[in-house]
Amino acid sequence: MAENTEITSSANRKKAKEKKVRRTLIGGQALMEGVMMRGKSSMAMAVRTPEGDIEIETKRLKGKGAWYKKVPIIRGVVAFVSSLITGMSTLLKSAEVSGEEDETPSGGMMAIAVIFGVVLAVGLFILLPSFLTSLFEKFVPNLHPLLSGLIEGVLRILIFVLYLFIVSRLKDIRRTFMYHGAEHRTINCYEKGMEMTVENVQKCSTRHNRCGTTFLFFVVVLSILVFALTNFLLSLTGVEIMGRWYMRLVVRLALLPIVAGLSYELLRGLAALPDNKFTNVLRAPGLALQRLTTYPPDDDMAEVALKSFLAVLEMDEDETIPEQTFFEHPYADVKRELKQKLAEAGKPESDFEFLLGDILGLKRGQLFDVKKLVAADYRKLRKNVARRIGGEPLDYILGYSEFMGERITVNESVLCPRPETELLAERVIEKIGEGSPKTLDLCTGSGCIAKALSKTNAALYASDFDDKALEVARKNLEGTGVEIVKSDMLSEFENAGFDIIASNPPYIKSADLDGLSDEVKKEPAIALDGGEDGLKFYRKIASGLKTGALKTGGTLLLEIGFDLGADVKELLAPLFESVTVVKDYSQNDRIVVCENLIGD
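Residues numbered from 1 in each chain as written. Predicted model: local features only at pLDDT ≥ 70, side-chain atom pairs only at ≥ 80, totals over all residues. Heavy atoms only, no water.

Novice: Describe the nonpolar core, with residues and values.
Specialist: Grouped together as the largest cluster of nonpolar side chains are 36 residues, with contacts concentrated most on I501, L545, L556, V568, L572 and F576. For this core, the secondary structure elements donating two or more residues are β9 (438-442), β12 (498-503), α19 (536-545), β13 (550-559), α20 (565-572), β14 (576-583) and β15 (589-597). Here this core gets five residues from one element, more than from any other, and that element is α19. Aside from chain neighbours lying at most four places away, what touches F576 is L545, L550, G554, L556, C594, E595, N596, L597 and I598. By size, the runner-up hydrophobic cluster in this structure holds 30 residues, among which are C416, C448, V482 and V582. (Core = buried A, V, L, I, M, F, W, Y, C linked by side-chain atoms within 4.5 Å. Buried < 20%, exposed > 50% of the residue type's maximum accessible area, 1.4 Å probe, protein only. Helix = DSSP H or I, 4+ residues; strand = E, 2+ residues; numbered from the N terminus. Contact = heavy atoms within 4.5 Å.)

Here you go:
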């Protein structure tokens with residue numbers, strides 16, 4: 001038993017030792033609210049969206065066995081250029097994914113930003129040090145070329161460090177540097193042989209030997225040696241660049257690829273060497289500089305980096321795994337996921353088709369042809385489903401309602417038209433018939449009733465006392481010939497002598513408002529609250545009729561609450577020869593038709 005225990009312990013120690021030296025060729029880059037990881041044959045980007053989800057894009061890398069990868073210096077130059085191109089493209093794409101739809105910059109603006117960034121980098125780290133050194137040479141004649149190159153290099157280091165210090169204090173840049181820290185911690189977690197979890201990732205260091213910050217530091221340091229040597233060699237050949245900053249700029253730009261190639265080899269060589277006093281001394285400046293470009297990430301950031309890393313690891317190990325593009329989710333999966341969320345929230349699953357159809361500009365029957373959703377459509381759909389789950393009326397999210405075959409613009413300033421109101425509009429159309437009676441839509445709200453009546457030959461008016469509601473009504477009634485009047489009930493229509501007045505006034509009892517669904521509560525209270533007994537506005541209408549707003553013999557049609565039929569009929573019966581209560585499809589009292597107003 002003791003022997004078995006000793007064997008087991010030995011095996012565990014061996015396993016632990018193997019874990020400690022586990023290496024990976026996976027490197028990465030911090031993005032806007034995300035991390036890009038790049039392996040030997042694949043690349044992955046993981047970005048957190050404004051909704052809090054993590055979206056992933058993966059890609060197979062080309063040129064796996066390219067000849068230049070075996071040629072020192074050259075491979076560094078290619079890697080440098082490739083990393084610039086890849087870095088910019090992934091950064092731009094992450095900005096599209098992580099930003100709010102209305103905050104995402106256009107492609108043109110992003111291109112301008114990239115160009116500005118390149119110009120700024122050249123200006124700060126090449127042009128400015130060269131220019132300052134040229135000025136110094138004018139005050140110190142006969143300065144040795146090697147010393148001149150050294151001064152220029154020191155200035156470049158100081159500017160570089162100062163720049164990193166300043167930008168690290170900017171809020172958005174600091175978040176990106178936190179994702180940089182998440183990238184390092186994730187790679188360190190893997191190389192230590194730890195289980196790949198967010199908890200373990202957060203235990204690891206934010207610094208790493210293969211960091212791009214260290215690479216940039218090597219570029220700056222090696223440029224001192226290369227540029228100083230170049231100054232000296234050019235002076236021997238009779239080419240004079242001392243005091244000429246523009247000549248320096250041309251030479252520096254020409255030598256930059258060589259400096260990058262040398263820096264790549266230095267970084268790669270140091271990363272491959274074991275830890276000892278010598279290598280630690282060489283690594284120390286770069287690791288120290290990483291204090292400015294890496295910050296401890298929160299758990300959400302570590303999760304993003306972890307997903308990106310694992311995606312690359314899986315693709316490198318399994319060549320059959322297909323590439324994945326941001327948000328190109330199969331329609332069937334999206335439908336299943338979001339319908340389930342709607343159902344769990346107690347919302348109709350059919351709302352999914354309405355919301356998606358509106359985004360894609362398709363009818364519900366055409367959605368069968370949809371296979372995948374692209375970025376903008378998927379994000380908008382998720383956002384709108386979340387609004388629906390939050391209780392916002394479907395019509396407010398869509399921005400319109402369907403009423404009597406017409407699309408009516410609606411927002412939070414007006415009620416969403418109900419099917420019951422279509423019954424009222426149908427009754428009014430019947431009363432209008434083939435004639436052209438003077439007709440008023442009182443309490444018009446969105447103008448939906450007036451819009452339906454505009455297909456007749458009636459002389460139409462629409463009124464409301466709320467400015468916001470009238471603004472919506474004007475949009476819906478534009479071009480219909482309906483005259484819109486601001487009026488507190490019938491106050492502006494004394495002696496107007498309408499033939500027909502139709503109205504859907506507020507009729508819910510004040511005490512019942514709190515018991516309404518959360519969805520209805522998001523509609524304007526002034527369009528719902530009918531006072532203590534629900535009859536407040538019916539009384540105002542009855543009072544207004546005595547001022548001549550409706551001519552003798554005229555007709556009044558009203559929508560009512562299901563429990564107000566008897567009360568409204570009793571209120572108006574003395575004023576008309578005939579008062580009839582009409583039921584809706586659910587057999588609830590819904591419409592009161594008052595015919596032949598009795599004259600004085």
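Novice: Could you give me a rundown of the sheet that holds β12, with the residues and numbers involved?
Specialist: Within the open sheet, the seven strands sit side by side as β11-β10-β9-β12-β13-β15-β14. Their pairing is mixed. In this open sheet, the two edge strands, each paired with only one partner strand, are β11 (483-486) and β14. Sheet twist, expressed as the mean angle between neighbouring strand axes with direction ignored, is 15 degrees. Bridging between β9 and strand β10 (residues 459-464) involves five bridges; their strand directions are parallel. By the bridge assignment for β10, D441 is matched with A462. Sheet contacts for helix α15 (residues 419-432): β9, β12, β13, β14 and β15; angle to β13, the most-contacted strand, approximately 155 degrees. Helix-sheet contacts for helix α17 (residues 467-477) involve β10 and β11, and the interaxial angle to β11 is about 180 degrees. (Pairing = 2+ DSSP bridges. Axes fitted to C-alpha atoms, helices over the stretch in contact; angles between N-to-C directions.)

Novice: Pulling in residues and values, what's your account of the pattern of salt bridges?
Specialist: In total, this model carries 21 salt bridges according to the counting rule given. For R175, the salt bridge goes to E33, with nearest N and O atoms at 2.7 Å. Residue R175 is located in helix α5 (residues 171-191), and its partner E33 is located in the loop between β1 (27-31) and β2 (34-38); the two are separated by 142 residues in the primary sequence. Among the ionic pairs, E523 bridges to R418, the shortest N-O distance being 2.6 Å. Taken together, the residues E523 in the loop between α18 (518-521) and α19 and R418 in the loop between β8 (406-409) and α15 connect sequence positions 105 residues apart. Relative accessible area serves as the criterion here: at 27%, R418 is assigned to the partly exposed category. (Salt bridge = Lys/Arg side-chain N within 4 Å of Asp/Glu carboxyl O.)

Novice: An account of the sheet that holds strand β4 (residues 54-60) is requested, with residue identities and associated values reported.
Specialist: In spatial order, the strands read β1-β2-β3-β4; together these four strands make up an open sheet with antiparallel pairing. The open sheet has two edge strands, β1 and β4, and neither has a second partner. Ignoring strand direction, the axes of neighbouring strands in this sheet form an average angle of 15 degrees. Where β1 lies against β2, five bridges are found, and the strand directions are antiparallel. Directly across from G28, in β2, lies its bridge partner M37. In the packing of α5 onto the sheet, contacts are made with β1, β2 and β3 (42-48), and the angle to β1 comes to roughly 160 degrees. The sheet contacts of helix α10 (residues 299-317) involve β2, β3 and β4, and relative to β3 the element is tilted by about 155 degrees.

Novice: Go over a nonpolar patch on the surface, please, and point to the residues and values.
Specialist: Taken together, the side chains of L128, F131, L132, L135 and F139 present a nonpolar region at the surface, about 450 Å² in accessible area. The class of F131 is partly exposed, set by a relative accessible area of 34%. (Patch = residues over 30% accessible without salt bridge, like charges linked within 9 Å, V, L, I, M, F, W, Y side chains within 5 Å. Areas by Shrake-Rupley, 256 points an atom, 1.4 Å probe, with all protein chains shown as cover.)

Novice: Break down the packing of helix α11 (residues 331-344) against helix α12 (residues 351-360) for me, citing the residues and quoting the values.
Specialist: α12 packs onto α11 with a crossing angle of 130 degrees between their chain directions and a minimal axis gap of 9 Å. Classified by the interaxial angle, the pair formed by α11 and α12 is oblique. Judged by the twist between their axes, the crossing of α11 over α12 is right-handed. On α12, the residues that touch Y331, V334, K335, L338, K339 and L342 of α11 are D351, F352, E353 and L356. Tallied by class, residues from the contact of α11 with α12 come to six nonpolar, no polar and four charged. (Parallel < 35°, antiparallel > 145°, perpendicular 65-115°, else oblique. Left-handed = near helix turned anticlockwise from the far one by under 90°. Nonpolar A, V, L, I, M, F, W, Y, C, P; charged D, E, K, R; others polar.)

Novice: Account for the packing of aromatic side chains, naming residues and giving values.
Specialist: Counted by the stated rule, this structure contains four aromatic pairs. Centroid distance Y190 to F309: 5.1 Å. Interplanar angle 50 degrees. Geometry classified as tilted. Taken together, the residues span a long stretch of sequence, with Y190 in helix α5 and F309 in helix α10 at a distance of 119 residues. The buried category is assigned to F309, whose relative accessible area is 0%. (Phe/Tyr/Trp six-rings, centres within 6.5 Å; stacked < 30°, edge-to-face > 60°.)

Novice: Give a description of unusual backbone geometry that names residues and reports values.
Specialist: A positive phi angle, close to 65 degrees, is found at Q587, a residue other than glycine. Among the secondary structure elements, Q587 is positioned in the loop between β14 and β15. The backbone phi angle of N596 is positive, close to 65 degrees, even though this residue is not glycine. Secondary-structure assignment places N596 in strand β15.

Novice: Can you break down the pairing of β15 residue by residue, with the values?
Specialist: The side chains of a regular strand alternate between both faces of the sheet. The buried fraction of β15 is high, at seven of nine residues. Sheet analysis places β13 next to β15, joined by four bridges and oriented antiparallel. Counted as the bridge partner of E559 is I591 from β15. Both β14 and β15 contribute to a ladder of seven bridges, which runs antiparallel. For F576, the partnering residue across the bridge sits in β15 and is L597. Linking β14 back to β15 in an antiparallel pair, the connection comprises five residues, with Q587 at a positive phi of about 65 degrees.

Novice: Could you give an account of the packing of α12 against helix α13 (residues 375-389), with specific residues and numbers?
Specialist: Viewed as axis vectors pointing N to C, α12 and α13 meet at an angle of 140 degrees, and their least axial separation amounts to 10 Å. The angle between the axes of α12 and α13 places the two elements in the oblique class. Where α12 crosses over α13, the two elements pack in a sense that is right-handed. Residues D351, F352, L355, L356, I359 and L360 of α12 form the contact with α13, whose own contacting residues are D377, K380, L381, N384, V385 and R388. Class assignment of the residues belonging to the contact of α12 with α13 gives a composition of seven nonpolar, one polar and four charged.

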